[in-house]
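Geometric and topological summary
Listed here are the chains, written in short residue letters.
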Amino acid sequence: MFQSAIARPKAGTTAFSILGAISACHLLNDMMQSLLPAIYPILKDGFDLSFTQIGVLTLIYQITASLLQPLIGLFTDRRPMPYSLTIGMGATLAGLVILAFATGYPMLLAGGILLGLGSSIFHPEASRIARLASGGAHGLAQSLFQVGGNFGSALGPLLAAFVILPHGQGSLAWFAFAALAGMVILAWLGNWSKNNGHTRRVARGAGAGHPDLTDTQVRRALAVLVALIFSKYIYLASITSYYTFYLMHRFELPAQTAQLCLFVFLAAVATGTVIGGPIGDRIGRKTVIWATILGILPFTLVLPHVGLTATIVLSAVIGLALASAFPAIVVYAQELVPGRVGMVSGLFFGLAFGFGGIGAAGLGVLADRMGIDFVYLLCSFLPLLGLLAVFLPKAVRNERA
């Protein structure tokens, strides 16, 4: 008889060393992933790219990352493969090297595809390891795991500003050493997972179905969460892909200063991720989701109409609030569908990448036609979708998830 691949968490046994290691690897992974959008100004000038081509590059990268994640997660739910994390980091390494020595747009696309593949392999299994090490504090574990990724993403603009911009596109290859370090740590985490009995195969359909909610309620709740992810990541795409161009256009900032402003925003995102999970454990995930997504509407509406200082401050507040929602959304979804941690994690991380990619491509076309200012004006209304949180069940608790 098959046994569950997910050990039942026990309160008070949170494995912080494992959470620290997987968070550090998430930092390395997302730091390397974030180098691609961070060097868009270099690529735009060096390859004479349009905003549309930048958007397509982002789309290719993020669609690769998004479409495979739930499929990989579903497969590893049934047949866990902890050593796949090392393979995923290797794909990221290869993508960076190709981008470093790219001589044309097709090579840039190939590098983006490999980066996306590495991310797609990494997130479902890494999220599973975080939950296994949680000791029942699922929101806290998800926050600690995600904050590594957010800090890694925040490092991208700084590294672009102080390493890649001064030394050129080829300096991307230096970050291959970070990927090698990540591969060593991930191999150790794979051993931990295997030695603690978390690699047993699971029977098809085992653990499916929530004990307190009907299938219709689960599907409706998941649809609401998907809509909220859409709102969150389309808006984030407007900043992560085009914020530097917006600041350079509207306030005539040099590229290096604009990169530093992007770092401020991404650092706020990292901080919000730390806050969201533990608060969701204490006061309820629905409350966090409702307050953080709908609550930023006044700030997004004001952002396109203020000066430089206020723009930086408001973008940081928006990043802090939006990031607080994601750990709550992921854990809420994991509790809706017990026994499918990898699939659910892959689905929502994949949707985050996919919506971000679609948003980046669409907003790039819009920026070419209507101007970058119009993009931020339009996106300011996206948090209105937070009203959909009223349709979520009041409480979702499922320790078998």
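These notes cover the structure that comes with them. Keep in mind the model is a prediction, meaning the values are calculated, not measured.

As for the overall build of the chain
- A tally of regular secondary structure across the chain gives 15 helices and zero strands.
- A compact globule built from 401 residues would reach a C-alpha radius of gyration of about 21 Å, and the chain, at 20 Å, matches this within 12%.
- Counting only C-alpha atoms and orienting by the principal axes, one finds that the chain spans roughly 60 × 45 × 30 Å.
- Within the chain, the proportion of its 401 residues that are buried is 59%.
- Intrachain contacts of the chain at a sequence separation of at least 6 include 86% that bridge at least 24 residues.
- The chain carries 23 positive and 13 negative side-chain charges, and their two centres are separated by 14 Å.

Looking at the side chain of threonine 64
- Within the secondary structure layout, threonine 64 lies in helix 3 (residues 51-78).
- Assessed through its relative accessible area of 17%, threonine 64 is described here as buried.
- Every residue in contact with threonine 64, bar those within four places of it in the chain, is listed here: Ile113, Gly116, Leu117 and Ser120.

Quick notes on the environment of valine 184
- Relative to the elements of secondary structure, valine 184 occurs in helix 7 (residues 176-195).
- Take valine 184: its relative accessible area is 60%, and that puts it in the exposed class.
- Separated by 95 residues in sequence, valine 184 and methionine 89 place their C-alpha atoms 9.8 Å apart.

Quick look at the packing of helix 5 (residues 105-132) against helix 6 (residues 138-167)
- Taken N-terminus to C-terminus, the directions of helix 5 and helix 6 make an angle of 135 degrees; their axes are 9 Å apart at the nearest point. By the angle class used here, helix 5 and helix 6 are oblique. The interaxial crossing formed by helix 5 with helix 6 has right-handed handedness. Touching Phe122, His123, Ala126, Ser127, Ala130 and Arg131 of helix 5 are His138, Ala141, Gln142 and Phe145, all from helix 6.
- Here the residues of the contact of helix 5 with helix 6 sort into five nonpolar, four polar and one charged.

Focus on unusual backbone geometry
- Positive phi values are uncommon outside glycine, yet aspartate 48 reaches one of about 55 degrees.
- If you trace the backbone, aspartate 48 turns up in the loop between helix 2 (40-46) and helix 3.

Points about the side chain of serine 231
- By the secondary structure assignment, serine 231 is in helix 8 (residues 215-240).
- Its relative accessible area of 2% is what places serine 231 among the buried residues.
- Those residues in contact with serine 231, other than ones at most four positions away along the chain, are Ile293, Leu382, Pro383 and Leu385.

Criteria and thresholds
- Residues numbered from 1 in each chain as written.
- Predicted model: local features only at pLDDT ≥ 70, side-chain atom pairs only at ≥ 80, totals over all residues.
- Heavy atoms only, no water.
- Helix = DSSP H or I, 4+ residues; strand = E, 2+ residues; numbered from the N terminus.
- Rg over C-alpha atoms; globule rule 2.2 N^0.38 Å.
- Buried < 20%, exposed > 50% of the residue type's maximum accessible area, 1.4 Å probe, protein only.
- Contact = heavy atoms within 4.5 Å.
- Lys, Arg positive; Asp, Glu negative; His and termini not counted.
- Charge placed at Lys NZ, Arg CZ, Asp CG, Glu CD.
- Axes fitted to C-alpha atoms, helices over the stretch in contact; angles between N-to-C directions.
- Parallel < 35°, antiparallel > 145°, perpendicular 65-115°, else oblique.
- Left-handed = near helix turned anticlockwise from the far one by under 90°.
- Nonpolar A, V, L, I, M, F, W, Y, C, P; charged D, E, K, R; others polar.

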